[in-house]
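Here is how the chains run, residue by residue.
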Amino acid sequence: MNDQDRNKLKVNRTFIIKNLENVIDVVDRLLAFDIITEGMKEEIEAEKGKQSQIRKILDILPRRGPEAFKQFLHILSDTSNGFIANQLSPGFAPITGENLTASYGQSSSNDLDLDQLPTNWPNEKAVTEEIKVIYCNSDMRKKWNDQMVYEMRKKIRGKVLVINNKIFYGPLEEDKDEKKRVKLSQRFGTERDEMAVKSLFEQLHFYVEVLKDQKAQDIRDVLQKETEDPLHRGADCFVLVILTHGTNDGVYGVDGNVVSLEEIKTSLDGQHFPEMADKPKLLFIQACRGEDYDFGAVPSTKKDIDDLKSKLEKLELADKNTPDAQLEIKLPTKSHFLVAMASTLDSVSFRNTAYGSWFIQAIVYIFKKYACKEDILSMLSKVNLLVSRGRAYYGDKETLAVSEFQGTLLRQFYFFPGLFDESSSPITHPTS
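Residues numbered from 1 in each chain as written. Predicted model: local features only at pLDDT ≥ 70, side-chain atom pairs only at ≥ 80, totals over all residues. Heavy atoms only, no water.

An unreviewed UniProt entry lists the protein under the name Caspase-2, with Tegillarca granosa given as the organism.

Regarding the packing of helix α15 (residues 358–370) against helix α16 (residues 376–388)
Heads up, the rule is: Where helices are involved, their axes are fitted lines through C-alpha atoms of the stretch in contact, as for all axes, and angles between N-to-C directions lie from 0 to 180°. The secondary structure listing takes helices from DSSP runs of H or I that are at least 4 residues long and strands from runs of E that are at least 2 residues long, numbered from the N terminus. Working rule for angles: under 35 degrees goes down as roughly parallel, over 145 as roughly antiparallel, 65 to 115 as roughly perpendicular, anything else as oblique. Two helices that cross are described as forming a left-handed crossing if the nearer one is turned anticlockwise from the farther one by less than a right angle, and a right-handed crossing if clockwise. Contacts are assigned to residue pairs that have any heavy atoms within 4.5 Å of one another. Classification used: nonpolar for Ala, Val, Leu, Ile, Met, Phe, Trp, Tyr, Cys and Pro, charged for Asp, Glu, Lys and Arg, polar for all others including Gly.
For the pair α15 and α16, the least separation of the axes is 9 Å and the interaxial angle reads 135 degrees. Classed by the angle they form, the pair α15 and α16 counts as oblique. As α15 runs across α16, the sense of the crossing is right-handed. Here α15 contributes W358, F359, A362, I363, Y365, I366, F367 and Y370 to the contact with α16, which in turn contributes I376, M379, L380, K382, V383, L386 and V387. Taken together, the residues of the contact of α15 with α16 sort by class into 14 nonpolar, no polar and one charged.

Details of the sheet that holds strand β5 (residues 237–243)
In plain terms, the rule: Strands qualify as paired when DSSP identifies two bridges or more between them.
Ordered by their spatial adjacency, six strands build an open sheet running β4-β1-β5-β8-β10-β15, and the pairing between neighbours is mixed. Among the strands making up the open sheet, the edge pair consists of β4 (206–212) and β15 (404–407). Neighbouring strand axes in the sheet, compared pairwise and without regard to direction, differ in orientation by 15 degrees on average. With four bridges joining them, strand β10 (residues 337–341) and β15 adopt antiparallel strand pairing. Considered in β15, the bridge of M341 is made with E404. In the packing of helix α12 (residues 216–227) onto the sheet, contacts are made with β1 (158–164), β4 and β5, and the angle to β1 comes to roughly 175 degrees. Against the sheet, α16 contacts β8 (281–286), β10 and β15, and its axis sits at roughly 155 degrees relative to β15.

Some details on the packing of aromatic side chains
For the record, the criterion: Here a pair means two rings of Phe, Tyr or Trp (six-membered ring of Trp) with centres within 6.5 Å. Their orientation is stacked below 30 degrees between planes, edge-to-face above 60, and tilted elsewhere. Each residue is placed in one exposure class: buried if its accessible area under a 1.4 Å probe, protein chains only, is under 20% of its type's maximum, exposed if it is over 50%, and partly exposed if it falls in between. Definition used: whenever NZ (Lys) or CZ (Arg) falls within 6 Å of the ring centre and also within 35 degrees of the ring normal, the charge is taken to sit over that ring.
Under the definition given, this model contains 13 aromatic pairs. Aromatic pair Y414 and F416: ring centres 5.3 Å apart, planes at 25 degrees, arrangement stacked. In terms of burial, Y414 and F416 fall into one category: buried. Each residue in the set Y150, F201, F206, F284, F367, F413 and F415 is aromatic and connected to the rest through ring pairs, giving one cluster. Sitting over the face of the ring of W144, R153 holds its NZ or CZ atom 4.3 Å from the ring centroid. Over the face of the ring belonging to F337 we find K281, whose NZ or CZ atom lies 5.2 Å from the ring centre.

Quick word on the environment of L231
Topologically, L231 is positioned in the loop between α12 and β5. According to the relative accessible area criterion, L231 is buried, its value standing at 3%. Sequence separation between L231 and E275 is 44 residues; the distance between their C-alpha atoms is 9.2 Å.

Some details on α16
What counts, and what does not: For a helix, the expected span equals 1.5 Å multiplied by the residue count minus one. Between N or O atoms, a polar contact is any pair within 3.5 Å; within protein, one atom must be a potential hydrogen donor and the other a potential acceptor, and residues adjacent in sequence are included only when both atoms are from side chains.
With 13 residues, α16 should reach 18 Å at 1.5 Å per residue; the first-to-last C-alpha distance of 18 Å fits that figure. Across the 13 residues that make up α16, a large majority, ten, are buried. At its buried positions, α16 is contacted by β8, β10, α15 and β15. Near the N-terminus of α16, the side chain that reaches the backbone nitrogen of L377, with its oxygen 3.2 Å away, is that of D375.

Observations concerning unusual backbone geometry
W121 connects to P122 through a cis peptide bond whose omega is 0 degrees. Inspection of the secondary structure assignment puts P122 in the loop between α8 (99–103) and α9 (124–128). Not every positive phi belongs to a glycine, and D213 is a case in point at roughly 50 degrees. Mapped onto the secondary structure, D213 falls in the loop between β4 and α12. Positive phi outside glycine occurs at F416, with the angle close to 50 degrees. Inspection of the secondary structure puts F416 in the segment after β15. Judged by its relative accessible area of 0%, F416 falls in the buried class.

Printed below as a string of structure tokens:
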């Protein structure tokens, strides 16, 4: 920020402190557009009283780069504080339309904001912070009305079905003493994923239903029943989240039998799910897709290895990362699908027994921050990046993972949190 802009804030400091309204909205937008960091947001919110919070904002802003002042003016205008923007800069006119992306600090679909994401994953601070979805500002309405964007207008967009398998009783295998035991371990930490997914999607305007510990045939029956639910008649979107063990053939029911991904997709295609034939269907699957470990590129020096181990041990996470035993995906042949997977074909995925899976926690972290301004493909690229920063150990070898997504969406998909059409016909909301 140049000296002239700093002086404007200084001269008008008392005026701003006395008159600024909607402080929480201002702070949320400062964070959404990367003007402040999460730590700075926490410092502001820790202040007691509105005026103390405003003082903290004014203390921080002069240190936030050459564009911070101009961006602050637009945020003032967008939070019913336009009179303050005009006091600071007489004749100020807010930016609208396509210029907003370049001038207002929003990230383009090609900008991964590398410096804004945690450098290691799972990051204890990131996965334990409050799940609070940032809402769109009014300028996103232009994108909201774009014909090349999927319609997301209902107060309740549709349904999210979560299938969470934790305790397995099959298949059985013989150990070295010829005693039969359950092959698949309990999925400790999956309840954290369930809670996080429910909180995220409820804030994204969905109804969420959770089903626990489903056998393979139960999964088939549930999906069949889902396609017959009249709730979907007026819905904008359907989301399926599966948390379980997997193979390169599909996902495990708790009985140890497998439902293939192709079965799942076919049960939800336009022929079998006519109410959603021309609407987006999002599938998020946390499961391994094989038993291969990715050991990555070997660091060039012993010091590099020691540094990585030190970071993991400091977070006390290295010994809590466990693979989710696997899932095959073919190139989609039906339209309006997006399938996001926790790992690539033949590879394990990781679940932290204390904080949840690398993949699901990355989705929640990215979506709550970026759904207000980015489409789903851009966000899932960020999810891939976060997952790739995870580290675990297989014996004494460091191992990595990366998530993957594929789809046949025909338009851009935005969640548009905070935007809905009052005149749109409501979906048939379940009563229980």
